[in-house]
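# Geometric and topological summary
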Amino acid sequence: MGEKTGGKPKPDESSRNPGDEAAPGTPGTGEDVCPACHGSGRREGKECDRCAGSGRITRVIGGA
Ligand SMILES: [Zn+2]
């Protein structure tokens, strides 16, 4: 005993993009092509604001 570890691990919210439905690493989620830019990472000559230019988003996968 001794050190306290602050409880359960949580997904890294800091790497989350606006278009993500959940934080990366969340159970029941996966990467998918960004529906806004279709994977290009760009929209109208600018960085896609949904995926932050990555072309991918994290989305919730229907379970079962
Ligand atoms: Zn995008």
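For clarity, every value in this text was computed on a predicted model and none was experimentally measured.

### Structural notes on the overall build of the protein
Across its full length, the protein holds 0 helices and 4 strands. Going from N to C terminus, the protein has its helices and strands arranged as β-β-β-β. Across the 64 residues that make up the protein, the buried fraction comes to 25%.

### A word on the environment of I61
Take I61: it is sitting in the segment after β4 (56–60). Looking at I61, the relative accessible area reads 52%, which means it is exposed. The sequence separation of I61 and T29 amounts to 32 residues, and the corresponding C-alpha distance is 5.1 Å.

### So, the coordination of the zinc ion
Taken together, C34 (SG), C37 (SG), C48 (SG) and C51 (SG) make up the full set of protein donors to the zinc ion, lying 2.3 Å away. Considering all 4 donor atoms around the zinc ion, the spread of angles at the metal, 104 to 114°, places the coordination shape in the tetrahedral class.

### Remarks on unusual backbone geometry
A positive phi is found at E44, a non-glycine position, where the angle reads about 50°. In this structure, E44 sits in the loop between β2 (42–43) and β3 (46–47). Overall, the relative accessible area of 81% leaves E44 in the exposed class. Phi at A52 is positive, roughly 60°, even though this residue is not glycine. Residue position: A52 is located in the loop between β3 and β4.

### Overview of the nonpolar core
C34, A36, C37, C48, C51 and I57 form the largest nonpolar core, which has 6 residues in total. Filtering out sequence-adjacent residues up to four positions away, I57 remains in contact with G19, D20, G30, E31, D32, V33, C34, P35, R50 and C51.

### Quick look at the pattern of salt bridges
Side-chain pairs of opposite charge can arise where the charged atoms are in close proximity. Evaluation of the coordinates by the stated rule reveals 3 salt bridges. Where R56 meets E31, a salt bridge forms, and the shortest distance between an N and an O atom there is 2.9 Å. Of this pair, R56 sits in strand β4 while E31 sits in strand β1 (residues 29–33), and the two are 25 residues apart along the sequence. You can call E31 exposed: its relative accessible area is 57%. In this structure, the salt-bridge partner of D49 is R43, at a minimum N-O distance of 2.7 Å. Judged by relative accessible area, which is 34%, R43 ranks as partly exposed.

Rules of the game
- Residues numbered from 1 in each chain as written.
- Predicted model: local features only at pLDDT ≥ 70, side-chain atom pairs only at ≥ 80, totals over all residues.
- Heavy atoms only, no water.
- Helix = DSSP H or I, 4+ residues; strand = E, 2+ residues; numbered from the N terminus.
- Buried < 20%, exposed > 50% of the residue type's maximum accessible area, 1.4 Å probe, protein only.
- Donors = N, O, S within 2.8 Å, 3.2 Å for Na, K, Ca; no water.
- Tetrahedral: all angles 85-135°; square planar, octahedral: opposite > 155°, others 65-115°.
- Core = buried A, V, L, I, M, F, W, Y, C linked by side-chain atoms within 4.5 Å.
- Contact = heavy atoms within 4.5 Å.
- Salt bridge = Lys/Arg side-chain N within 4 Å of Asp/Glu carboxyl O.

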